[in-house]
Amino acid sequence: MAQGTAVMGTDIERLSLNQDARAMIARAREEGIETVWDRLAAQQPQCGYCALGISCRNCSMGPCRVDPFGEGPQKGVCGADADVIVARNLGRTIAAGASAHSDHGRDILEVFAELAGGVTEGYAIRDEAKLRALAEEWGVESDGLEPAEIAQELADLMMEDYGTRRSRLGFAARAPQQRTELWDKLGITPRGIDRESVEMLHRTHMGVDNDYVNTLLHGLRTSLSDGWGGSMIATELSDVMFGTPQPVVSKVNLGVLKPECVNIALHGHNPVLSDVILQASADPELVQLAKEKGAAGINLVGLCCTGNELQMRKGIPMAGNHLMQELVLLTGALDAMIVDYQCIMPSVVDVAKCFHTVIISTADKAKFTGATHISFDPHRALAIGKDIVRRGVEAYANRNPERVRIPDEAVEMMAGFSVEAILGALGGTPEPLVEAIKAGKIRGAVGVVGCNNPKVQQDYGHVRLTQRLIENDILVLVTGCSAIANGKAGQMMPASAKLAGPGLREVCESLGIPPVLHMGSCVDNVRILVLAAALAKFLGVDISQLPLAGAAPEWYSEKAVSIGTYVVASGIFTVLGVQPAIFGSRNVVKLLAEGLDDVVGAKFAVEADPEKAAALICRHIEAKREALGLEHRDRGPVLASAA
Ligand code: XCC
Ligand code: SF4
C-alpha cells in the first residue's frame, strides 16, 4: 500500500530524504544491525482488519473481527457492528494519546508544586512575569505574594483540573466565546483532564456506549481535555520553570555529534529531567573528568521532543527526529542516551549493544529491559543529573574511535517561537499579522506537526508539504518531529524567506523571521491553539472562521490522534498523511470527513500525497478568506510539480 511517497531512487534513498539517515541505514545493513524499516518489512502483510479498525478484543467473548464489505460476520459476538467497533477503537486511541500528554503535564505540575513548596533541587521560577500572568488568568490574587506562594495556589487550582470538581477546565476560557458556547451546546466542554479519558475507557467497555456518534462526540471532548488541559498545563508551567522560549539559532542532524567530545543524547518528552542534565553537564568537575578521559568536553544533543524543549529554550543542537533514534546509535559516537518517556523504541537497547553506548532510563513509569535505570527524583534532581552525566563520561572511555562514523555537516535552524516571542516580534499585538493576512500577503497559517512513520519516506511529507505551503504565501508553524524535518531541510532560517512566495517573503524579511516557525514539542501544539484563539478574539470571530489548517503528514502515535482531534474540535481543518484505522466504517469516515464540519466547523481529510494535501489546504484557506470577505484566489494553488 502506497503511503505518501512516489519518490524514485535506490532502496535506501526511498526510506529517508536525508543523507545522514541514508548513510546510517547503509551501515546498519553492512553490519547486519536491525532497524525499524527491517521490522516493518517483516510485519508484511499487516493485518487488514486492524488497519481498517474492525477488529476488537475489548472482552473475552472475542476477539472479534467483522467484515462489513464482504460475506463474513457483520457483528462481533456481543452484536457490535463495524460502526461501533471502529468508534470504540478510535475513542480508546484518543484516550491513550490524551493520557500520555496529560500525564506528562501532571508530572510537570507535581514538580512545579514541589518547587513552590521549596523541596526540589535544581529548579527555579525562571519566568516570573508569566507566572503572574497565569495567576491572574486563574483568579489567584497575587499582589504582595512571593512567587512561591503564587505558584502554590496556582498548582492547587491546576491539580483540581485533573479531577472532576469543575464543570470546565481553567484554560478552556482562552478559547473565543463562540467556541466555548458551541462546546457547551454540544455537551463536549472538557470537565476534568483525567475524567474524560477514564469516561472514554468506561464508554468503550462492552455494553456501554453503543452509538458511534455519541462515542465520537466524547472523543472530541477527551481530546479537548488534552489540548486545553493537560498539554496546556505542561507547556505553560514548563515556560514558568524553564523559561519562555525566545528566537535562537541552533543546529540539526547527526552532524551535531562531535568526535572529540563525550556525546550525550536526551530522548523523550519531559523537560523536567533534561533541564537538570543540562545544568549537570556544565559542572566543572564533570567537564574535568571528561578531559581526564581524553575528551575535549561534554556535548549534549537532543532527540525528538525532549530535544525540542531544549532547543526551543536553550538552543541545544538537535540530532534528529523519531526515525533517527536508532541511527544516532549507529554513528558509534554516542556515549549515552538518556531517555524519559514516549516515542522511545524498545529497540534502542538492542542497537546500543552493538556499540559502547549506555542507555539510561530515568522514569519509573518507563523502564527498558536491558537499560540502566536511574530513578529520577526532583528532590535530588541535580545530584541524580550529575550521576547520569558521569555514566556518559565513563562510557566515553569504552568508545572505539575506529567505529565512529558521523555523517554530514549540521544544518542551521532557528527555534524559539513561543506565542510570546511571535507577538513580541510583531510589536506586542497580533495586529500586524492580521493586517498581513487581510492584505493577502500572508494567505493564512498552517500547523504542520507530528511524527515520522516508516511507512512514509522519512521527512518527505513534512518537507514537501511545507515547501508548497510557503510557496503559496502560507505561514507554516511546526512542532514535534516536523520541526526537526524542516530544520534538516534548511527551511527554518531567516534566509529561508527566499523559498517563500513574494508576500510571505516580504513579511518575513521585514521581521527577520523564517517562513517556518518552530513552536516547540508536541505538547506545545497548544501554542498554536493559543495563537489561533488570540487571532480569533482580536477579530471577534470563531477559530473556525480563520484561514487556518493543520496537517500531520507522517503521524504514527496515539498522541497525534488526540492532537488532530482537538485541533478539529477547536475549529481547524486537519489533513492526515497516514490512514487512521477507521476505514472499516463508512459512517465513521463520513462523520469525520464531512459531518463534523456542521458540528464543530471543521473536519478531517486523509491525503497521503503532500502535493495534493497542499492543494487541499490552499483551497480551504482561500475559501475561509472568501467567507471572511477578504480578497481570495479562485484558481487552485500554483503547484511547482504540476508542470
Ligand atoms: Fe515525534 Fe514528540 Fe510524534 Fe513522538 S509523538 S514521533 S512528533 S516525538 Ni509527539
Ligand atoms: Fe467481540 Fe463485542 Fe467483546 Fe469486542 S466487545 S471482543 S466485538 S464480543
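Reference entry: report on the structure contained in this document. (Residues numbered from 1 in each chain as written. Chains lettered and ligands numbered in written order. Predicted model: local features only at pLDDT ≥ 70, side-chain atom pairs only at ≥ 80, totals over all residues. Heavy atoms only, no water.)

1. Re the overall build of the protein chain
Then, number 1: For the protein chain, the helix and strand inventory stands at 23 helices and 16 strands.
Then, number 2: Relative to the 2.2 N^0.38 estimate, which gives 26 Å for 643 residues, the radius of gyration of the protein chain is 24 Å and therefore close to what a compact globule would have.
Then, number 3: Expressed along its principal axes, the backbone C-alpha trace of the protein chain runs to roughly 65 × 65 × 55 Å.
Then, number 4: For the protein chain, with 643 residues in total, the buried portion stands at 60%.
Then, number 5: Residue pairs at least 24 apart in sequence account for 75% of intrachain contacts in the protein chain once pairs closer than 6 positions are excluded.
Then, number 6: Where the 61 positive side-chain charges of the protein chain centre and where its 78 negative ones centre are 4 Å apart. (Helix = DSSP H or I, 4+ residues; strand = E, 2+ residues; numbered from the N terminus. Rg over C-alpha atoms; globule rule 2.2 N^0.38 Å. Buried < 20%, exposed > 50% of the residue type's maximum accessible area, 1.4 Å probe, protein only. Contact = heavy atoms within 4.5 Å. Lys, Arg positive; Asp, Glu negative; His and termini not counted. Charge placed at Lys NZ, Arg CZ, Asp CG, Glu CD.)

2. Things to note about the site of ligand 2
Then, number 1: Cys56, Arg57, Asn58, Cys59, Met61, Gly62, Cys64, Gly76, Val77, Cys78, Arg88 and Met206 make up every residue found near ligand 2.
Then, number 2: Among the residues forming the shell around ligand 2, the class breakdown is 7 nonpolar, 3 polar and 2 charged. (Near = heavy atom within 4 Å. Nonpolar A, V, L, I, M, F, W, Y, C, P; charged D, E, K, R; others polar.)

3. Looking at the coordination of the nickel atom of ligand 1
Then, number 1: Here the protein supplies the nickel atom of ligand 1 with just one donor, Cys522 (SG), and that contact is 2.2 Å long.
Then, number 2: Its place among the elements puts cysteine 522 in the loop between strand 13 (516–520) and helix 20 (525–539). (Donors = N, O, S within 2.8 Å, 3.2 Å for Na, K, Ca; no water.)

4. Some remarks on the site of ligand 1
Then, number 1: All residues in the neighbourhood of ligand 1 are listed as His269, Cys304, Cys305, His322, Cys343, Gly450, Cys451, Cys481, Cys522, Tyr556, Ser557 and Lys559.
Then, number 2: Looking at the shell around ligand 1 residue by residue, the classes come out as 7 nonpolar, 4 polar and 1 charged.

5. Regarding the environment of leucine 327
Then, number 1: With respect to the helices and strands, the residue leucine 327 is situated in the loop between strand 6 (318–320) and strand 7 (336–339).
Then, number 2: Relative accessible area serves as the criterion here: at 0%, leucine 327 is assigned to the buried category.
Then, number 3: Separated by 21 residues in the primary sequence, leucine 327 and valine 348 place their C-alpha atoms 9.3 Å from one another.
Then, number 4: Here leucine 327 is in contact with Ala21, Met24, Ile25, Thr35, Trp37 and Leu254, once residues within four sequence places are set aside.

6. Observations regarding the pairing of strand 13
Then, number 1: For strand 13, the tally of buried residues reaches 5 of 5 residues, placing the bulk of the element in the interior.
Then, number 2: Pairing of strand 12 (residues 474–479) with strand 13, which is carried by 4 bridges, proceeds in the parallel orientation. In the sheet register, valine 478 faces strand 13, and the bridge partner there is histidine 518. (Pairing = 2+ DSSP bridges.)

7. Structural notes on the side chain of asparagine 321
Then, number 1: Within the secondary structure, asparagine 321 sits in the loop between strand 6 and strand 7.
Then, number 2: Reaching out from asparagine 321, the side chain makes a polar contact with the side chain of asparagine 452 at a distance of 3.2 Å.
Then, number 3: A distance of 2.9 Å separates polar atoms of two side chains, one belonging to asparagine 321 and the other to aspartate 459.
Then, number 4: With near-sequence residues (within four places) excluded, asparagine 321 lies in contact with Cys304, Asn452, Gln458, Asp459, Cys481, Ile484, Ala485 and Lys488. (Polar contact = N/O pair within 3.5 Å; in protein donor to acceptor, adjacent residues only side chain to side chain.)

8. Section: the state of the cysteines
Then, number 1: Summed over all chains, the structure comprises 0 disulfides.
Then, number 2: Free cysteine cysteine 47: the closest other cysteine sulfur is in cysteine 50, separated by 3.6 Å. (Disulfide = S-S within 2.5 Å.)

9. Looking at the packing of helix 9 (residues 212–242) against helix 21 (residues 558–569)
Then, number 1: One can describe the packing of helix 9 onto helix 21 by two numbers: an axis separation of 8 Å at closest approach and a directional angle of 100°. The angle between the axes of helix 9 and helix 21 places the two elements in the roughly perpendicular class. Each of Gly219, Leu220, Ser223, Leu224, Asp226 and Gly227 in helix 9 lies in contact with helix 21, whose residues at this interface are Ser562, Thr565, Tyr566 and Ala569. (Axes fitted to C-alpha atoms, helices over the stretch in contact; angles between N-to-C directions. Parallel < 35°, antiparallel > 145°, perpendicular 65-115°, else oblique.)

10. A short note on the packing of helix 5 (residues 128–137) against helix 6 (residues 147–162)
Then, number 1: Helix 6 packs onto helix 5 with a crossing angle of 45° between their chain directions and a minimal axis gap of 10 Å. By the angle between their axes, helix 5 is oblique relative to helix 6. Our pair here, helix 5 against helix 6, has a crossing hand that is left-handed. Mapping the contact onto sequence places Glu128, Leu131, Arg132, Leu134 and Ala135 in helix 5 and Pro147, Ile150, Ala151 and Leu154 in helix 6.
Then, number 2: Among the residues forming the contact of helix 5 with helix 6, the class breakdown is 7 nonpolar, no polar and 2 charged. (Left-handed = near helix turned anticlockwise from the far one by under 90°.)

11. Regarding the nonpolar core
Then, number 1: Among the nonpolar cores identified, the biggest contains 163 residues, and Phe112, Tyr123, Trp228, Leu237, Leu469 and Ile617 are the most heavily contacted of them.
Then, number 2: Ranked by residue count, the leading element in this core is helix 4 (residues 82–116), at 14 residues.
Then, number 3: Setting aside its immediate chain neighbours within four residues, leucine 237 contacts Ile108, Leu109, Phe112, Leu134, Leu154 and Met158.
Then, number 4: Judged by nonpolar contacts, the second largest core, of 37 residues, contains Ile25, Ala319, Met324 and Met337. (Core = buried A, V, L, I, M, F, W, Y, C linked by side-chain atoms within 4.5 Å.)

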